[in-house]
Amino acid sequence: MAGAAAERKVIRVLLVEDEEIHRVLARALLRSAVGGVELDEAGTGAEAVRRVRDGGAGAYDLIITDGKMPVMDGHEATRQIRAMGVTTPIVGLSSDTLPPDVDTFIKAGADDFTPKPLSKEKLVRILAKFNLA
């Protein structure tokens, strides 16, 4: 058993979300779906860009970002993070799910998109897609 516990991967996630209820849900889901998680949170896109810049290109294994936020939205944050040369998987998360809304995220540089609310099933799919599970 000790060997299995030692092999569990700890993933570093940046959650970019301005609404507390969505942060609470994501925190709980990440902690239940992942063996170990180091979670950083940002309430605006500008704060996310700063955290990535300060942490360096490899600071996170996954970035999950909301679309609509004050100061800087998730689309612009994604563009700026990609402009820094960061290749970390970025997943857009929004209740705006029409094809043009999803396309905006993808064109900004997101690797994937999932509609709100985040669920354990959606999170497991995301983690598996990026080999983080």
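Conventions and cut-offs
- Residues numbered from 1 in each chain as written.
- Predicted model: local features only at pLDDT ≥ 70, side-chain atom pairs only at ≥ 80, totals over all residues.
- Heavy atoms only, no water.
- Salt bridge = Lys/Arg side-chain N within 4 Å of Asp/Glu carboxyl O.
- Helix = DSSP H or I, 4+ residues; strand = E, 2+ residues; numbered from the N terminus.
- Buried < 20%, exposed > 50% of the residue type's maximum accessible area, 1.4 Å probe, protein only.
- pLDDT = per-residue confidence, 0-100.
- Contact = heavy atoms within 4.5 Å.
- Pairing = 2+ DSSP bridges.
- Axes fitted to C-alpha atoms, helices over the stretch in contact; angles between N-to-C directions.
- UniProt positions renumbered as here; feature names shortened; annotations may be inferred.

Taking an unreviewed UniProt entry as the reference, the protein chain is identified by name as Response regulatory domain-containing protein belonging to Miscanthus lutarioriparius.

*Asks:* Mind showing me how you'd approach the pattern of salt bridges here?
*Replies:* Two side chains with opposite charge may pair up if their charged atoms get near one another. Enumeration over the complete set of coordinates arrives at 15 salt bridges. As a salt-bridge pair, Asp66 and Lys116 come within 3.1 Å of each other at their nearest N and O atoms. Linking Asp66 in strand S3 (residues 62-66) with Lys116 in the loop between strand S5 (112-115) and helix H6 (120-129), this pair joins segments that are 50 residues apart in sequence. Each member of the pair, Asp66 as well as Lys116, is classed as buried.

*Asks:* Sorry, what's going on with the confidence of the model for the protein chain here?
*Replies:* Reading predicted coordinates in detail is not appropriate for stretches of low pLDDT. Per-residue pLDDT for the protein chain averages 90, and the proportion of residues at 70 or more is 94%. Within the protein chain, the element-level pLDDT minimum falls on helix H1 (residues 2-7), averaging 47, and the maximum on helix H4 (residues 74-83), averaging 97. In the model, residues 1-6 has pLDDT below 50 throughout and makes zero contacts with residues more than four positions away in sequence or in other chains.

*Asks:* Would you take a moment to explain the sheet that holds strand S4 (residues 90-94) for this structure?
*Replies:* Sheet strands line up and pair through hydrogen bonds in the backbone, either parallel or antiparallel. With respect to topology, five strands assemble into an open sheet ordered S2-S1-S3-S4-S5, the strand pairing being parallel. For this open sheet the edge positions go to strand S2 (36-42) and S5, each flanked by a neighbour on one side alone. Direction aside, neighbouring strands of the sheet carry axes that sit 20 degrees apart on average. In this structure, S3 lies alongside S4, joined through four bridges in parallel fashion. Looking across to S4, one finds that Thr65 is bridged to Gly92. Strands in contact with helix H2 (residues 20-33) are strand S1 (10-16) and S2; relative to S2, the strand with the most contacts, it is inclined by about 165 degrees.

*Asks:* Help me out: how do you make sense of the UniProt feature "modified residue: 4-aspartylphosphate" (unreviewed entry) in the protein chain in this one?
*Replies:* What UniProt calls "modified residue: 4-aspartylphosphate" (unreviewed entry) maps, in this numbering, to Asp66. We classify Asp66 as buried; its relative accessible area is 4%. Excluding residues within four positions of it along the chain, Asp66 makes contact with Val16, Glu17, Asp18, Gly74, Leu93, Ser94, Phe105 and Lys116.

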